[in-house]
Amino acid sequence: MAQVTGNRIFKSSFGKFQFAIDRGGTFTDIFAYCPGGKTKVMKLLSEDPTNYADAPREGIRRILEEETGIKMPASVPLDCSQIDWIRMGTTVATNALLERKGERLALAITAGFKDALHIGNQSRPSIFDLTVRCPGVLYEEIVEVDERVVLQQEKCQLQKSHPIVVGSTKEKLEVWKAVNEMQLRQDLQRVLDKGIRSLAVVLMHSYTFDGHEKHVGRIAREMGFQQVSLSSEVMPMVRLVPRGYTACADGYLTPHIKRYVKNFSAGFSGGLEKMKVLFMQSDGGLAPSEKFFGSRAILSGPAGGVVGFAMTTYNEQAKMPVIGFDMGGTSTDVSRYAGSYEHVFETTTAGVTIQAPQLDINTVAAGGGSMLFYRAGMFVIGPESAGAHPGPTCYRKGGPLCVTDANLCLGRLLPEYFPHIFGKTEDQPLDKDATVAAFHDLTIVVNKQSLEQKGREYVPKTPEEVAMGFIEVANEAMCRPIRALTQAKGHDTSRHVLACFGGAGGQHACSIARSLGMKQVFIHKYCGILSAYGMALADVVYETQEPCAHTYSADNFQYLDARLGELTQQCCEELQRQGFESENITTEPFLHLRYEKTDCALMCTAAKKPSGGTAMTHGDFLSSFLDRYQSEFGFTITNRCIIVDDIRVRGVGHSAVPLENNIMQADKPPQVEKVVEVFFIGGYRDANVYLLENLRNGHVIPGPALIIDKNSTVLVEPDCEAAITANGDVSITIGSGAHRIIGTELDDIQLSIFSHRFMSTAEQMGRILQRTAISTNIKERLDFSCAMFGPDGGLVANAPHIPIHLGAMQETVQFQIKNLGNGIQKGDVILSNHPSAGGSHLPDLTVITPVFYGDQPKPVFFVASRGHHADIGGITPGSMPPHSKFLSEEGAIFRSFKLVENGIFQEEAVTEALMAPGKIPRSSGTRNLQDNLSDLRAQVAANQKGIQLITELIDAYGLNVVQAYMAHIQANAELAVREMLKEIALKTRERTGKTLLYGEDYMDDGTKIALTVDINEHEGSAVVDFSGTGYEVYGNCNTPRAVTLSALIYCLRCMVGHDVPLNQGCLAPIKIVIPSGTILSPSAGAAVVGGNVLTSQRIVDVILKAFDTCAASQGCMNNVTFGDEDVGYYETVAGGAGAGPGWNGRSGVHSHCTNTRITDSEILERRYPAVVLSFQLNPGSGGNGEWKGGDGVIRELLFRKNLMLSVLTERRVFSPYGMNGGESGQRGLNLMLHADGRIVNLGSKTAIDVVPGDVFRLMTPGGGGYGPAADNQAQEKASTKRLPSFALRGSVLDYTRKQESA
């Protein structure tokens, strides 16, 4: 028998059993294809040691026993003669990574870089988390390998001669130091003596020259290491840190996986040799057990679900792309398929960045177990999860209210049809009574707080309305990552099918599809076990990849074709060794391409239609690259070289796998099991209940209805219609739904939903800006913010959360309203950057668009985008001079400049303004005019997207309603801050007997920053008074008022401790006093560039000191710039974070007002005339205490030619303070180790000429300690704080983290 699906033919085997298994964290799902064509489905607990040792083996045993009638005792190995194959996806690797339960591991790394993986990219994962909780590294011991190779540079002026080697990329390298074998053996023996047998090896530039790594690997294996993971073999891609993480993950997880496979194998007589056993890899392909490695196993389980929905939902004829929506107990996975799998080649899971092909699966913190909170007048979902234990309230374990409880309360889950596995005896149904009682209690709280806030006109909510509110908010929260995933690459979200699977997704599918504008939901009959079913549909995949450094040009086509041919041959030979015939093998070549001087590389396959001189023998990769770049970013760059970073071939061995037979045709109406009441907006509705197993092909079921399977419940909402397909799947057509009238009065539920909508608008503006901008700063570093404002210019929503931008744009918008008044006309767009007009520093250009609606005479709202432009003129390249004394020296100035007037972009006028600084002696106009103009156009386009989205909201709800909710959200933020201030006042009065707070600290030049906070504990208000602060300085550490406001909002958000809308409401309860003429309120012509990057940190230190929150962090961004007329490089460098009550400060991380990522050492050495000699922690530089401050870092740069070095730093004179008896952190130090042997202290701010051989040693400050030093018991407790039990991941998360690290 053969069945055809798309272009693939599947053959079903009648002779033996075939098993596809997904071993998840909670449940193990099994799909079995039995002799004769029968299928069998089973679900078991993954861990049940009292009944079985291994869930997959137990499931196989039970099915074999049931189908053959032969008793098979659990204690006896299974006879595998009746098994054709087993395919498995497993979370074994992911769980080991999350729980840090892999193999004991040591790291061997180039000397000088021992802490490189601890520091990582130096950004912190959550910018408002003062504890800076980061997952620990995977290794226990470090071996510094005394060796060094350096890329050869033509313009290098170092007078040294070294042996030359040629790397695999054809780049030449100098061997500055061969491996010190004697020292290496001593260090490795020390590791072996501690019982560690797994080693990860990562040496500088081993992606292209692997000789030293192989030498270390040979010695390690000789000495007895059982697992040696060489980064050059695991994934030979440039960048030391992610390649090192990947090698560590491989060394940490591969032995763990091998142990699991060995134990699984022991359950079968003769092991696994007599049958085909394949494991799902992160890229969606299967691999035999001996090729299943740790670094390729992270997404083993979820990958099966992507294959499952891709192969069952996507239609080759219609070509409608599909969004996969896998909602489980603790989280939801979102992915996309449009005819080919979407891969990412670097993503972070559980704090570990993996360089390996992985399906782009985005995991968000919203699942059936996500906890429900009513907080400061808002309905909040998660991110905390109750997990499986204790689970939701209805699980009978005393758990909190969760999303599952809300569905149960509303009648969308029926206990009688849900597995009876709860209670002490594990045979009880879901406890609906407990859930209803808990919602009754929560409703009392909601109504009490709402009545206090809104007065007599408030109409109390019922428990069902409260539960329904949480469902609405949960649905809106899950829509945001789906919008982000599609629109990030230029796709229309509404033009997708929603493929819903997982245990919890069926209750939400219709609402989410309707909210996203989708017209169809597809739910496979195996939706409850689709990841397992996907294993059955998957192919075997083998990939080869190698680095490259050639340009994509006709001169190099012969070389590229030869390498692709060699890699293709390797793939084919490996798949043939696995038993595939040549006709069942296909290969696909890829080139990893990027424009020169950018970091945005795209993995491209060849275009289907080769064209002329851009095509190689293997196809036209250029056309493919340009089409994708245009699609994702909205433009291409002419006359720019394209670099080939990597060459890759994906080989696929097509499997003969089973597909389901058609079900019977319907010959009578569907059988209604019962009629139940289900709550929807507006009240209860009668809903028919159907069992999926009793439905037939052609049955049509109008909503409202419940379709129930053994493993899932599907809610068909009113105005939707479900149809049963020939295969027994459920296809739901989504109707428009009843029009809902929403008034202007405050409704808590709508408040939460509008909050998500407004934030989503700001996020989508950011996506458009990133896609259409051209500069590295905006496109790749994501140094920008987008926001929307009410008609009074008050901030409503701001995304993303770059700390120094928080709230600052509000000052800019309100200045324009006041300054221009009626001069703001329809068709105008305003450009501003002046500090007195709400600017932060001149390179941050803010583009503001007023929005007129209908016949309204004045703007009904405003949108704005602020982007950091790499250069806008001034006395130094980069427009951040260390010694500027006047604002005019820092670049072009715009106060209320009409960038667009009457709809016309004023290119000539803005060009003149950008070049104007060149009229000042020693100064220059912008050095990158075209990038400025392109990025300004991108900012205008981003604003236009915001206008479109908010206009759609106004069209749907009415102008009065949208403006009312803008005000409601601001009022809600005010309420959250008032509650926090009351709490702080209470604690302060208990501790000191008063509610007056004070803090002060000093800049390195002796300028004092003083703060008095007087809290009214009854109103929850405060006067924040900076009187006593020092005068404006003759230098550039003066700080615009907007930066002070940003620092204050940042501190308030950190102290609140949970998400609140960050808008003008945060500052409503606070009166701010900043005396004119001080460093915090300078004159209009004062230089300010250092205020934005340095003084801002001291303001935060003073605020947190006054509130007695935590010890000082490093208090500096450590700005370092070097360059000449040909090249320029800028970085900020990490230091120590301050300790606080209950936590140690993190070492080697950015804090507070910056979170910038650092350039990887290999990239720096590849592109710039410098060598990184060391980058490691400075032990002991953190302040001692009951809780210890984080250590700063030591960073050494060796210069290879004559350059100018600029340093702009702080905390070189005054130490970061300790708190409550904790000691201060060490001050920073800037040293120049001259080539002639002199060592010079450069001070905190300088510009100096350097010569070849000079070394700049940067020692950054440590964080202050907290509490008097005592024993270390508390420190141990702090270090074991649990991280989330699931891994947020995917391209959407990586984008957000990257944007928060701009």
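Residues numbered from 1 in each chain as written. Predicted model: local features only at pLDDT ≥ 70, side-chain atom pairs only at ≥ 80, totals over all residues. Heavy atoms only, no water.

Focus: the pairing of strand E38 (residues 784-789)
This is how the line gets drawn: The buried label applies to any residue whose accessible area, calculated with a 1.4 Å probe on protein chains only, is under 20% of its type's maximum; exposed applies above 50%, and partly exposed to all values in between. Helix and strand labels come from DSSP, where a helix needs a run of H or I of at least four residues and a strand needs a run of E of at least two; each type is numbered from the N terminus. Note on pairing: DSSP must find at least two bridges between two strands before they are called paired.
With respect to burial, E38 is a largely interior element, 6 of its 6 residues being buried. Alternating positions in E38 separate into two faces, Phe-784, Cys-786 and Met-788 on one and Ser-785, Ala-787 and Phe-789 on the other, with burial throughout. Pairing between E38 and strand E42 (residues 861-868): 6 bridges, direction antiparallel. From the neighbouring strand, Cys-786 faces E42, where its bridge partner is Ser-865. Both E38 and strand E39 (residues 795-799) contribute to a ladder of 4 bridges, which runs antiparallel. Within E39, the residue paired with Cys-786 across the bridge is Ala-799. Taking the residues that link successive antiparallel strands as the turn, the E38-E39 hairpin has 5 residues, and the phi of Gly-793 there is positive, at about 85°.

Let's talk about the environment of Gly-1148
Applicable threshold: Contact between two residues is taken to exist if any of their heavy atoms lie within 4.5 Å; hydrogens are not considered.
Considering the arrangement of structural elements, one finds Gly-1148 in the loop between strand E50 (1128-1132) and helix H24 (1161-1167). Note on Gly-1148: relative accessible area 2%, which makes it buried. Once the C-alpha coordinates of Gly-1148 and Gly-794 are considered, the two residues, 354 residues apart in sequence, prove to be 37 Å apart. Apart from the residues within four sequence positions on either side, Gly-1148 is in contact with Ile-119, Gln-122, Ala-1134, Gly-1135, Leu-1177, Asp-1191 and Val-1193.

With respect to the pattern of salt bridges
Note the cut-off: Take a side-chain nitrogen of Lys or Arg and a carboxyl oxygen of Asp or Glu: if they are within 4 Å of each other, that pair is a salt bridge.
Under the criterion given, the structure shown has 53 salt bridges. Note that Glu-141 is salt-bridged to Lys-194, the shortest N-O span being 3.0 Å. Of the two residues, Glu-141 sits in strand E8 (residues 141-145) while Lys-194 sits in the loop between helix H4 (181-193) and strand E12 (198-202), which places them 53 residues apart along the sequence. We classify Glu-141 as buried; its relative accessible area is 17%. When the shortest N-O distance is used, the salt bridge between Arg-483 and Glu-476 registers 3.2 Å. Residue Arg-483 shares its accessibility class with Glu-476, and that shared class is buried. Residues participating in the shared-partner salt-bridge network are Asp-1001, Arg-1098, Asp-1101, Glu-1210, Arg-1211 and Lys-1245.

Here's the deal with helix H22 (residues 1041-1056)
Note: α-helices contain 3.6 residues per turn, so residues at a spacing of three or four share the same orientation. Definition in use: Helices are assigned an expected span. That span is 1.5 Å times one less than the residue count.
In a regular helix each residue adds 1.5 Å, so 16 residues correspond to 22 Å; H22 covers 23 Å between its end C-alpha atoms and thus fits that length. The element H22 is largely enclosed, with a buried count of 15 among its 16 residues.

Brief notes about the sheet that holds E12
To be explicit about the condition: Orientation is described by axes fitted as lines to C-alpha atoms, over the contacting stretch for helices, and by angles from 0 to 180 degrees between their N-to-C directions.
A sheet is described by the order of its strands in space; here 4 strands give the open sequence E8-E7-E12-E13, paired in parallel fashion. Only two strands of the sheet have a single partner each, and these edge strands are E8 and strand E13 (227-230). Mean inter-strand twist for the sheet, computed between neighbouring axes without regard to direction, equals 20°. Along the sheet, helix H5 (residues 211-223) contacts E8, E12 and E13; its crossing angle with E13, the most-contacted strand, is approximately 180°.

Some thoughts on the packing of H4 against H5
As a reminder, the rule being used: Roughly parallel means an angle under 35 degrees; roughly antiparallel, over 145; roughly perpendicular, 65 to 115; everything else is oblique. Here a crossing is called left-handed whenever its near helix is offset anticlockwise from the far helix by less than a right angle, and right-handed whenever the offset is clockwise. Note on residue categories: nonpolar means Ala, Val, Leu, Ile, Met, Phe, Trp, Tyr, Cys or Pro, charged means Asp, Glu, Lys or Arg, and polar means any other residue, Gly included.
Their axes nearest at 11 Å, the elements H4 and H5 cross at an angle of 45°. Judged on the interaxial angle alone, H5 and H4 are oblique. Handedness of the crossing formed by H4 with H5: right-handed. Within the contact between the two elements, H4 uses Glu-181, Leu-184, Arg-185, Leu-188, Gln-189 and Leu-192 and H5 uses His-215, Val-216, Ile-219, Ala-220, Glu-222 and Met-223. For the contact of H4 with H5, a count of residues per class yields 7 nonpolar, 2 polar and 3 charged.

Here we look at the nonpolar core
Condition: The term nonpolar core refers to a set of buried residues drawn from Ala, Val, Leu, Ile, Met, Phe, Trp, Tyr and Cys, joined through side-chain atoms within 4.5 Å.
If you look at the biggest cluster of nonpolar residues, it comprises 180 residues, and the most contacted ones within it are Phe-19, Ile-60, Ile-86, Phe-268, Ile-732 and Leu-1205. The contact partners of Ile-86, leaving out residues within four places of it in the chain, are Phe-19, Ile-21, Ile-60, Phe-264, Phe-268, Met-275, Lys-276, Val-277 and Leu-278. Ranked by size, the runner-up nonpolar core spans 68 residues in total, among them Met-880, Cys-1066, Leu-1067 and Ile-1070.

Concerning the pairing of strand E29 (residues 602-605)
Across 4 bridges, strand E28 (residues 585-595) lies against E29 in antiparallel orientation. By the bridge assignment for E29, Phe-590 is matched with Thr-605.

A closer look at the sheet that holds strand E48 (residues 1070-1073)
Read from one edge to the other, the open sheet built from 4 strands follows the order E45-E46-E47-E48, with strand pairing classed as mixed. Both outer strands of the open sheet, strand E45 (996-1002) and E48, are each paired with one neighbouring strand and no more. Between one strand axis and the next, the sheet turns through 15° on average, direction left out of account. Summarising the sheet, strand E47 (residues 1021-1025) and E48 pair through 4 bridges and their orientation is parallel. Each residue of the ladder has a partner; that of Ala-1022, found in E48, is Ile-1070.

Describing the confidence of the model for the chain
We count it as follows: The quantity called pLDDT is the predictor's confidence in a given residue, expressed from 0 to 100.
Within the chain, residue pLDDT values average 87, and 94% of them lie at 70 or more. Taken together, the stretch residues 1-13 has pLDDT below 50 and engages in 33 contacts with residues farther than four places along the chain or on a different chain. With pLDDT under 50 throughout, residues 1272-1286 is counted as low confidence; its partners more than four residues away or in other chains account for 28 contacts.

Here we look at the packing of helix H16 (residues 748-772) against helix H20 (residues 929-957)
Direction vectors running N to C along H16 and H20 enclose 155°, while the axes themselves pass 8 Å from each other. When the axes of H16 and H20 are compared, the pair comes out roughly antiparallel. Here H16 runs over H20; the crossing is right-handed. For the pair H16 and H20, contact is made by Phe-754, Arg-757, Phe-758, Thr-761, Gln-764, Met-765, Ile-768, Leu-769 and Thr-772 and by Asp-935, Ala-938, Gln-939, Ala-941, Ala-942, Asn-943, Lys-945, Gly-946, Leu-949, Ile-950, Leu-953 and Tyr-957, respectively. Looking at side-chain class alone, the contact of H16 with H20 contains 12 nonpolar, 6 polar and 3 charged residues.

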